[in-house]
Amino acid sequence: MSLVRRAAPEDAEEVLRLRQVMIDALPGGDASTAWHTEALPSLRRKLGEADGDFAAFVVDHPDRPGALAALVVGTVDYRIGKAANPRGLAGYVFSVATDPDARRRGYARACMDELLAWFRERGAGQVMLTASPEAEPLYASLGFAPKPDPTMMLTL
């Protein structure tokens, strides 16, 4: 039996905690957690949508009941198709986090395997993510390749 399961609405607070672990590890990450209160209702709703375009896969912490050890989250978006992805369905991985005391046990890889299967079931023709230098070997072993990307962002 797999250690990985689909996150449920009752996991929302722990999902936010692990997302914050990821944010805190990013260069320039914002350590503020005040936003969690506002984010919680929307996250609970999204975690309850079994057939939606959003999924989170988790591993329960083996040493701390009620806590999560690892998390991956992704969405499926529609973009106008192209030769490499005619249907235009694209997966995007935007949160991968492992609790610091649960690292190096294969939890992130197991969660990624489940998320990639979920993307395939939904017909995604490609999957994108942003990788930290520490995580690049994991993603490369799963078949991800770097690409030049002139991504820009506007915060509204």
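So, a few notes on the structure that sits alongside this text. The structure presented is a predicted model; accordingly, all values stated were derived computationally and were not measured. (Residues numbered from 1 in each chain as written. Predicted model: local features only at pLDDT ≥ 70, side-chain atom pairs only at ≥ 80, totals over all residues. Heavy atoms only, no water.)

**Overview of the nonpolar core**
Counting residues in hydrophobic clusters, the biggest one holds 24 residues, and the most contacted among them are M112 and F119. For this core, the secondary structure elements donating two or more residues are strand 2 (54–60), strand 3 (68–78), strand 4 (89–98), helix 3 (107–121) and helix 4 (136–141). Per-element accounting of this core gives the leading share, eight residues, to helix 3. With residues near it in sequence (within four places) discarded, F119 still touches G74, T75, V76, G91, Y92, V93, A124 and V127. (Core = buried A, V, L, I, M, F, W, Y, C linked by side-chain atoms within 4.5 Å. Buried < 20%, exposed > 50% of the residue type's maximum accessible area, 1.4 Å probe, protein only. Helix = DSSP H or I, 4+ residues; strand = E, 2+ residues; numbered from the N terminus. Contact = heavy atoms within 4.5 Å.)

**A word on the sheet that holds strand 4**
Spatially, 1-2-3-4-5 is the arrangement adopted by the five strands of the open sheet, whose pairing is mixed. Of all strands in the sheet, those with a lone pairing partner are strand 1 (4–6) and strand 5 (126–129), marking the two edges. Sheet twist, expressed as the mean angle between neighbouring strand axes with direction ignored, is 25°. As paired strands, strand 2 and strand 3 are joined by seven bridges and run antiparallel to one another. The residue of strand 3 that forms the bridge with V59 is A70. With respect to the sheet, helix 3 is in contact with strand 1, strand 2, strand 3, strand 4 and strand 5, its orientation differing from that of strand 3 by roughly 25°. (Pairing = 2+ DSSP bridges. Axes fitted to C-alpha atoms, helices over the stretch in contact; angles between N-to-C directions.)

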